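Topology and contacts: notes
Given next are the chains, with one letter for each unit.
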Amino acid sequence: MIDVAGRRMVLAVDATVAVGAGHAMRVLTLASAWRNLGGEAVAVGRIDLPFVARRYQDLGVTVQPGGDPTGDVLVVDRYDAAHRRTLGAENGSPLKVLVGDLPEAVPKGYDLVWNPNPYGSAALYPGFSGRVLAGAGFIAIREGLPKWQKRLDGDVIVTLGGGVPDQAMIRSFALLARLMPAERIAIAGHWAPPGCRAVSPDRLWAEAEAGKCLVTAAGGTAWEAAAVGVPMVVVVIADNQRLAFQWARASGVPGADAQSINSEGLAHQLRALIPAAMIAPALANGAGRVAAELARLVTSGRAA
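Rules used throughout
- Residues numbered from 1 in each chain as written.
- Predicted model: local features only at pLDDT ≥ 70, side-chain atom pairs only at ≥ 80, totals over all residues.
- Heavy atoms only, no water.
- Helix = DSSP H or I, 4+ residues; strand = E, 2+ residues; numbered from the N terminus.
- Rg over C-alpha atoms; globule rule 2.2 N^0.38 Å.
- Buried < 20%, exposed > 50% of the residue type's maximum accessible area, 1.4 Å probe, protein only.
- Contact = heavy atoms within 4.5 Å.
- Areas by Shrake-Rupley, 256 points an atom, 1.4 Å probe, with all protein chains shown as cover.
- Salt bridge = Lys/Arg side-chain N within 4 Å of Asp/Glu carboxyl O.
- Disulfide = S-S within 2.5 Å.
- Pairing = 2+ DSSP bridges.
- Axes fitted to C-alpha atoms, helices over the stretch in contact; angles between N-to-C directions.
- Expected span 1.5 Å × (residues − 1).
- Arc of directions from axis to C-beta.
- Polar contact = N/O pair within 3.5 Å; in protein donor to acceptor, adjacent residues only side chain to side chain.

Turning to the overall build of the chain, a few remarks are in order. Check the secondary structure of the chain and you find 9 helices and 13 strands. A compact globule built from 304 residues would reach a C-alpha radius of gyration of about 19 Å, and the chain, at 19 Å, matches this within 12%. Summarising its shape, the C-alpha atoms of the chain cover approximately 60 × 35 × 35 Å along the three principal directions. When each of the 304 residues of the chain is scored for burial, the buried share is 55%. Partitioning the contacts of the chain with sequence separation of at least 6, the portion at a separation of at least 24 is 59%. About 12800 Å² of surface is accessible on the chain, with carbon and sulfur atoms providing 52% of the total.

Laid out in structure tokens, this is it:
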């Protein structure tokens, strides 16, 4: 094992109502693996979501909004394209890592691209001459997740990320509760409509472990659901989730595209899909492999 004692990893990432929690949680998994190698880790973005902030504190990763983004390793996982370009071109960190989900041109200055999704591949980044870590061996899945208890009489658990969905989505789940009166529906977050039970996002996996199935946005939570082994239904709620949605559908998991139908149509579609919820192929955490590769580059001097 490579020792990176005293080496600093900086996470340029945010977790807000507008951005959600997924980006901050996956790079936190990487930072935790880095700390297991002896390194230090700090986040310099806005971590406003309380359950994400608690997770950072629990894993010993300091949050310094507006702090110095320079370290031995800079990990950039932000939506803002201009900010990504600026950090690539101007940041002085010896090793700069861009976290990406979609096909894109990589801005100048980045040494490595990490795609923490099972559908990832180097082919998504044409023209990039640096290293690409992507695919099923490099997924970020937090440690310590439970295994599903096969509770077919459990609740239907719903998670759509750390933010608050729009009113049309909330109406969909209010209608779903009326369409499925025999089911108990639990919403992870603070937006549960009448007929649904609200649960803290901190308790998502404790609830899903004993739940009947999981309805989730097509993002990083789907990878964690595959690790837990809980049957799921995936829902596209943003354009950047389409590749994840395609992977889940190709793996036999039923899904709905919330962007292509109205709130009533989504509710009726979910009513039909929930009884057909499926377990995705098992996935495992690959953040340790990513951290080990970054450690190798930093300690060998090849990051410069």
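Tallied over the full model, the rule gives 18 salt bridges. Across the pair Arg 7 and Asp 72 runs a salt bridge whose closest N-O atoms are separated by 3.9 Å. With Arg 7 in the segment before β1 (8-13) and Asp 72 in the loop between β3 (62-63) and β4 (73-77), this pair connects stretches of sequence that are 65 residues apart. Several salt bridges share partner residues, and in doing so they unite Asp 155, Arg 184, Arg 197, Arg 203 and Glu 207 into one network.

A complete count under the given rule lists 0 disulfides for this structure. Not part of a disulfide, Cys 196 finds its nearest cysteine sulfur in Cys 213, a span of 13 Å.

Turning our eyes to something else, we now look at the side chain of Asp 257. For Asp 257, the position within the fold is in strand β13 (residues 255-257). If we skip the residues at most four places from it in the chain, Asp 257 touches Val 236 and Arg 242.

Moving on, we get to the pairing of strand β6 (residues 112-115). Along β6, one buried face is formed by Leu 112 and Trp 114 and the opposite face, lined by Val 113 and Asn 115, is buried too. Strand direction decides the pairing type here: strand β5 (residues 95-99) and β6, joined by 3 bridges, are parallel. Bridging across to β6, Val 97 finds its partner in Leu 112. Note that β6 and strand β7 (residues 131-134) share 4 bridges and pair parallel. Considered in β7, the bridge of Val 113 is made with Val 132.

Moving on, we get to the sheet that holds strand β9 (residues 185-188). What the 6 strands build is an open sheet, ordered β10-β9-β8-β11-β12-β13; its pairing is parallel. A strand with exactly one partner marks an edge of an open sheet, and here the two such strands are β10 (197-199) and β13. When strand polarity is set aside, the average angle formed by the axes of neighbouring strands in this sheet is 20°. Direction of pairing for strand β8 (residues 156-159) relative to strand β11 (residues 213-217): parallel, over a ladder of 4 bridges.

For the rest of this paragraph, the subject is the sheet that holds strand β2 (residues 40-43). The strand order β3-β2-β1-β4-β5-β6-β7 describes an open sheet built from 7 strands, whose pairing is parallel. The open sheet has two edge strands, β3 and β7, and neither has a second partner. Strand direction decides the pairing type here: β2 and β3, joined by 2 bridges, are parallel. Considered in β3, the bridge of Ala 43 is made with Val 63. Its contacts with the sheet put helix α3 (residues 81-90) on β1, β4 and β5, and the angle it makes with β5 is roughly 165°.

In this fold, Ser 263 is placed in helix α8 (residues 263-273). When sequence neighbours within four positions are dropped, the list of residues in contact with Ser 263 reads Ala 168, Arg 171 and Ser 172.

Over its 13 residues, helix α4 (residues 167-179) extends 18 Å from the first C-alpha to the last, a length consistent with the 18 Å expected when each residue adds 1.5 Å. Looking at α4, one finds that the buried residues are Met 169, Ile 170, Ser 172, Phe 173, Ala 174, Leu 175, Leu 176 and Ala 177.

This part covers unusual backbone geometry. With a phi close to 60°, Lys 150 is a non-glycine residue in the positive phi region. Owing to a relative accessible area of 65%, Lys 150 belongs among the exposed residues under this scheme.

Helical geometry: 3.6 residues make up each α-helical turn, so side chains three or four residues apart lie on a common side. Taken residue by residue, α8 has Ser 263, Leu 266, Ala 267, Leu 270 and Leu 273 as its buried positions. For α8, the angular spread of the buried residues around the axis is 130°, confining them to a single face. Close packing links the buried residues of α8 with α4, β11, β12 (232-236) and β13. With a side-chain oxygen positioned 3.3 Å from the backbone nitrogen of Glu 264, the residue opening α8 is Asn 262.

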